[in-house]
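# Structural description and commentary
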There are 2 protein chains.
Amino acid sequence: MLPNETHVEKVQRKLEKKQRAVRIALGLEKADLVLKNANYLNVFSNEFCRGDIAVADGLIVGMGEYTSDTELDASQGIVCPGFIDAHIHLESSLVTPWEFARAVIPHGTTTVITDPHEITNVMGLQGIDYMLAASAGLPMDVHFMLPSCVPATPQDESGAELDYRSIDPYFDHPRVLGLAEMMNYVGVVNQDAQSIRKILCSQAHHKKIDGHAPGLTGHALNAYIAAGVYSDHECFTLDNALEKLRKGQFIMIREGTAAHNLEALLPLLSPQFYSRVMFATDDKHPSDLMRGGHIDHIVRKAVALGADPILALKAATHNAARYFLMNNKGAIAPGYLADLIVINNLQDFHVETVIKKGKIVYADGQTAPFPKPDIPSPLREDAINTMHLPAVTADDLQTSRPLACLGLIPRELITSDLGFEPHADIQRDILKLCVVERHRNTGHIGIGYLHGYGLKQGAVATSIAHDSHNIIAVGVDDADIATAVNQVRQMGGGIAVVCGGKALHSLPLSIAGLISDQPLEHVNMQLEAAKSDAVSLGVKPGIDPFMTLSFLSLPVIPALRVTTRGVFHVERQEYL
Amino acid sequence: MLPNETHVEKVQRKLEKKQRAVRIALGLEKADLVLKNANYLNVFSNEFCRGDIAVADGLIVGMGEYTSDTELDASQGIVCPGFIDAHIHLESSLVTPWEFARAVIPHGTTTVITDPHEITNVMGLQGIDYMLAASAGLPMDVHFMLPSCVPATPQDESGAELDYRSIDPYFDHPRVLGLAEMMNYVGVVNQDAQSIRKILCSQAHHKKIDGHAPGLTGHALNAYIAAGVYSDHECFTLDNALEKLRKGQFIMIREGTAAHNLEALLPLLSPQFYSRVMFATDDKHPSDLMRGGHIDHIVRKAVALGADPILALKAATHNAARYFLMNNKGAIAPGYLADLIVINNLQDFHVETVIKKGKIVYADGQTAPFPKPDIPSPLREDAINTMHLPAVTADDLQTSRPLACLGLIPRELITSDLGFEPHADIQRDILKLCVVERHRNTGHIGIGYLHGYGLKQGAVATSIAHDSHNIIAVGVDDADIATAVNQVRQMGGGIAVVCGGKALHSLPLSIAGLISDQPLEHVNMQLEAAKSDAVSLGVKPGIDPFMTLSFLSLPVIPALRVTTRGVFHVERQEYL
């Protein structure tokens, strides 16, 4: 209902809109927009059809012969429904949803389904509110799945604890499509009441529940699916994907910045299986956002690897809409949203024009300007005020006891258990690793050692530290570590590189310590400069100085992690 | 929520049910039922898979290896999801939903979607209430689409007039899936506010709108679909079906007692198109219900005609569930309802076992007994008290003016316009045809003449007279017509055959004048006996004496119809 609108007025408004759509479909009135002589993907008959596509009030009303004062010659390219990213954490882009939209609209993305897991671990429900506000009214629909695991584990000291009752009201929001990836699959399989209640909650609202269960198989997978988990985006082997698909889960083929599962899962894009398959990125970092593309990139790659273009395009559009019950998306037919893209051909998938709800939002290499969403000021204030910790001194980081040492393994997220170390030792590449609680001024600092990072001087700190996003820092001496932590604190969150007591390049992430308020290009430049600084201080080639750090506090990946309470042995589920 | 259950108790009950499902899926506890070593249809991977199927609390919880105290050896047959009839008017069976369920469960039907259009034209909202009550708790799910056209046309004097506000509350009923066939496609295309508001109403509840638009094509079809009509079951040519499918409508292939569209539409059951296709019967008369089967019959016929069995089975199960958003139906996978059937093979499709919500309801040729639904007595009273008309005398039917004459055309529903006749004339096969208003004691009687029916003596009357279900009668003299009408009136509705002032065989249809309270076998016997009587009085071979009559008052089929207000010229939209 519009503001101040009565029920009768609402019905009347909708009636008049529909009557106009009917008249335009009949050809009695001119359409708002017509794509003339389009060669368009018909997702129902699995073929390309030719005709004018008429649009009225943001909806497609007919294909055939139509006229409009705004006609777009579509005779040369191929018209498809807009692309849908079925699963992403928008925070991973380090920019606001507005900046993210600016980056991906030229790649034909008209809908993303985000899980605001990161910001919610910092700000709780306020984090969901913030992302909803920050993504409202964009020329790209941002739908939400509600974070299912805040905190991610009992070991986490996060900014909030959300039970099923606290997320329940959010399911009524028109942009919320369900419960986000149920990472606590162990909990579900062990009949954990809290996890299952969240699933029940989403089901009670007739909404979806996404899964996250790498490698889960057999009876345990049956149990997880029987509990009500409808999809998975963590398949990296074809066998596991096929088992999940056969057992009824929709499969999101993930091809993002970190994970690349398309090649392994390509056989899913066959007539036998593809109708249960869609695409997701999970995360897109700034540099990756600026080159290569988004869902268009996945389609291009899939077809280059041999997939049928129609199947790949349906996975990128129609199938995600069906899974999420977005009933008016993902097809070119009367009554569907006019979220349309024009691509040049079925090899390049170069996006030439993007139409969102019947408006041309990208054409001739230019994105039409669109306003930044209006975020209520209390929410804005809260978002830039999430660093709740006292300044740290070198003394706070001193320790006389030997502490457990994590061993980095090149190109892996897992770490090795290297026993105990008495102190840092640059010669042997033993660095001090700290996690400083930053949500509630508890003063908690967990300390351990790290081997394999390579730093020879200074320190690095970041407030992106999965999933609680405390401040994680690594360095050669306590003073520089303290300086780096304090630099992050002072910026209101971000990434800092420090040497000899002086801050080098840093990247402020003032929104919840996760997101910059700056343009993507600027963020990328700052990030790359900070990365160079870290490398110049000794970080080994092949190691991303910040991303590597950001996973070292996630107490679900074996063998060792550092939390605010010390070094945690994941397999033994105990502190060392 | 169960009666007297608090919210907390409800959550706890659901939690415990789900925890038990998880434990059984894990194999930690025995299942309620296991189909051992089943060869089952996997609708996701489009193949047959082998394994045990475990059921707990009515839901499938896993496939693999499972045990139970109730194990069913399924190694010999093929296990499929239960069949779904996507569109039927249950009233057409002339028996109660309970009797209908008894007839079709042995054929593997576990779900039907009914449109109580007939009874609602008689009883209004009470008709919907009655059918909801009469179909509650059966071992076959009866879902509802709300009648969209009551009365069917402005010419109809029906028992009720329902606008969008009156049906609105019914969309909240858990068994209501949307708005039934929008027969007034002319109204929709002409932007009729009342029709479009009903569509808006169903959309506001996120429910479906079925279509009914025989032959509609081009811009008018675009308009109808753009207005929000998502399916069609009136396709009798492949071209029309393909146009509707390409434009986004789901196609219900209709193969019932009256209409046989499967053969013409068989090419839809190909990999290119089948995912948007399902099966429906629309109507099933008693004799047809007693032989031949139901949806199993359509599958059998489709495969005999050359369709791929997997595609035919998916059209009969999975696809209808997807269209109607019955998210836990139409597949064999964890979390889905255990609505399962065992068929003998992929040629006969002979149903050997039927499992509804995890309970064996049909096996070894026997249907497990199930109770008749409890219908609240005021509703029951109203249903058997729908004949509101004074007794008719021969004088009431007298007329001195010439009246228009309808010409029957063999094997067609349309009639010809045979001009005017001064009186009935057996020699020339001119009979008197009357429609007597029976809902509101108006005393309205519409009179015309009929050629081609063949009656040589006596009269026939029936209270099944589409769509208003007044009493339609035909006869050689006014006295016998009056007797037949009065016989119908006296039975509380039904079909009567009369000769020389004496009632021959008749079929009482005491529930709303449409449905018998007797067993199917008995109804069929009575109906056939009455039919024989009518034939013995002269009705021509090839003419169904009652069905033919029942369409002669439907003022949408050209050229002429008789309503309570006289003979109506459909094309000219005027009374003669």
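None of these values were measured; they are calculated from a predicted model.

## Focus: the overall build of chain A
Secondary structure summary: chain A contains 19 helices and 28 strands in total. Since a compact globule built from 576 residues should have a radius of gyration of about 25 Å, the 25 Å found for chain A is in line with a globular shape. In terms of overall dimensions, chain A has C-alpha extents of about 85 × 50 × 50 Å along its principal axes. Each of the 576 residues in chain A was classed as buried or not, and the buried ones make up 65%.

## Points about the interface of chain B and chain A
As a measure of interface size, the accessible area lost when the parts come together is often cited. Counting residues at the interface gives 58 residues for chain B, matched by 58 residues for chain A. Of the roughly 4,700 Å² buried between chain B and chain A, counting both surfaces, carbon and sulfur atoms make up 59%. Contact with chain A buries area across many residues of chain B, yet B:Lys18, B:Phe44 and B:His219 alone supply 14% of it, more than any other trio. On the surface where chain B and chain A come into contact, there are 2 salt bridges. With its nearest N and O atoms 2.4 Å apart, the salt bridge here joins B:Arg246 to A:Glu47. At the junction of chain B and chain A, the tally comes to 22 residue pairs in polar contact (both at pLDDT 80 or more). Elements supplying a minimum of two residues to the side of chain B that touches chain A: helix H1 (7-26), strand E2 (47-56), strand E3 (59-64), helix H5 (164-167), helix H6 (185-189), helix H7 (193-204), helix H8 (218-226) and helix H9 (238-246) of chain B. Here the element with the most residues in the side of chain B that touches chain A is H1(B); it accounts for 11 residues. Residue composition of the side of chain B that touches chain A, grouped by class: 31 nonpolar, 16 polar and 11 charged.

## Considering the side chain of A:His143
Position of A:His143 relative to the elements: it lies in strand E8 (residues 141-146). Under the relative-accessibility criterion, A:His143 is labelled buried at 10%.

## Side note on the pattern of salt bridges
Residue and element names in this part refer to chain A. Applying the stated criterion to the full structure yields 54 salt bridges over all chains. Salt-bridge contacts for Lys 244 lead to Asp 232; the nearest nitrogen and oxygen are separated by 3.3 Å. Of the two residues, Lys 244 is situated in helix H9 (residues 238-246) and Asp 232 in strand E11 (residues 231-232); the sequence distance between them amounts to 12 residues. Accessibility assignment for this pair places Lys 244 and Asp 232 in one class, buried.

## A look at the pairing of strand E20 (residues 430-436) of chain B
Residues and elements named next belong to chain B. Of all 7 residues in E20, 7 are buried; the element is thus mostly enclosed. Of the two faces of E20, both are covered, the one formed by Ile 430, Lys 432, Cys 434 and Val 436 as well as the one formed by Leu 431, Leu 433 and Val 435. Pairing analysis gives 7 bridges linking E20 to strand E21 (residues 445-451), with the strands arranged antiparallel. The residue bridging Lys 432 from the neighbouring strand is Tyr 449, located in E21. Relative to strand E23 (residues 471-475), E20 runs antiparallel, the two being bridged by 5 bridges. Each bridged residue has a counterpart across the sheet, and for Leu 433 the counterpart in E23 is Val 474.

## What about H1(B)?
For an α-helix, the turn length of 3.6 residues means that residues three or four places apart are oriented alike. Along its 20 residues, H1(B) runs 29 Å from first to last C-alpha, staying within 8% of the 28 Å computed at 1.5 Å per residue. Elements that come into contact with the buried residues of H1(B) comprise helix H5 (164-167), helix H6 (185-189), helix H7 (193-204) and helix H8 (218-226) of chain A together with E2 and E3 of chain B.

## Notes on the relation of the copies chain B and chain A
Expressed as a screw transformation, the operator carrying chain B onto chain A has a rotation angle of 180 degrees and an axial translation of 0.0 Å, and the superposed copies differ by an RMSD of 0.1 Å. Overall, the copies show the geometry of a two-fold rotation axis. A shared binding surface is used by both copies, with 100% of the interface residues of chain B retained as interface residues in chain A.

## Here's the deal with H8(B)
With respect to burial, H8(B) is a largely interior element, 7 of its 9 residues being buried. Residues of H8(B) that are buried include every one of B:Ala220, B:Leu221, B:Asn222, B:Ala223, B:Tyr224, B:Ile225 and B:Ala226, and no others. On its buried face, H8(B) sits against helix H1 (7-26) and strand E3 (59-64) of chain A together with strand E9 (176-182), H6, strand E10 (208-211) and H9 of chain B. Phi turns positive one or two residues past the end of H8(B), at B:Gly228, with a value near 120 degrees.

## Considering the confidence of the model for chain A
Caution applies to low-pLDDT parts of the model: their predicted coordinates are not meant to be read in detail. The share of residues in chain A with pLDDT of 70 or more is 100%, and the mean pLDDT across the chain is 97. For this predicted complex, the interface confidence reaches an ipTM of 0.95, while the overall pTM sits at 0.96.

## Regarding the packing of aromatic side chains
Tallied over the entire structure, the rule returns 12 aromatic pairs over all chains. Between the aromatic rings of A:Tyr323 and A:Phe324, the centroid separation amounts to 4.6 Å while the plane-to-plane angle is 70 degrees, which identifies the pairing as edge-to-face. Overall, the relative accessible area of 1% leaves A:Tyr323 in the buried class. Taken together, a centroid distance of 6.3 Å and an interplanar angle of 75 degrees make the contact between B:Tyr185 and B:Tyr224 edge-to-face. A residue pair is termed long-range when its members are at least 10 positions apart, and B:Tyr185 in helix H6 and B:Tyr224 in helix H8 qualify at 39 residues. One aromatic cluster in this structure is built from A:Phe250, A:Tyr323 and A:Phe324. Its end group placed over the ring of A:Tyr230, A:Lys208 keeps NZ or CZ at 4.7 Å from the ring centre.

## So, the sheet that holds strand E13 (residues 277-280) of chain A
By way of backbone hydrogen bonds, the strands of a sheet pair with one another, either parallel or antiparallel. Residues and elements named next belong to chain A. Here we have 3 strands laid out as an open sheet, ordered E11-E12-E13, and parallel in their pairing. With partners counted over all chains shown, the strands left at the sheet margins are E11 and E13, one partner each. Bridge count between E11 and strand E12 (residues 250-254): 2 bridges; the pairing is parallel. From the neighbouring strand, Ser 231 faces E12, where its bridge partner is Phe 250.

Analysis parameters
Residues numbered from 1 in each chain as written. Chains lettered and ligands numbered in written order. Predicted model: local features only at pLDDT ≥ 70, side-chain atom pairs only at ≥ 80, totals over all residues. Heavy atoms only, no water. Helix = DSSP H or I, 4+ residues; strand = E, 2+ residues; numbered from the N terminus. Rg over C-alpha atoms; globule rule 2.2 N^0.38 Å. Buried < 20%, exposed > 50% of the residue type's maximum accessible area, 1.4 Å probe, protein only. Contact = heavy atoms within 4.5 Å. Buried area = accessible area lost by both parts, 1.4 Å probe. Salt bridge = Lys/Arg side-chain N within 4 Å of Asp/Glu carboxyl O. Polar contact = N/O pair within 3.5 Å; in protein donor to acceptor, adjacent residues only side chain to side chain. Nonpolar A, V, L, I, M, F, W, Y, C, P; charged D, E, K, R; others polar. Pairing = 2+ DSSP bridges. Expected span 1.5 Å × (residues − 1). Least-squares fit on C-alpha atoms with pLDDT ≥ 70 in both. pLDDT = per-residue confidence, 0-100. Phe/Tyr/Trp six-rings, centres within 6.5 Å; stacked < 30°, edge-to-face > 60°. Lys NZ or Arg CZ within 6 Å of the ring centre and 35° of its normal.

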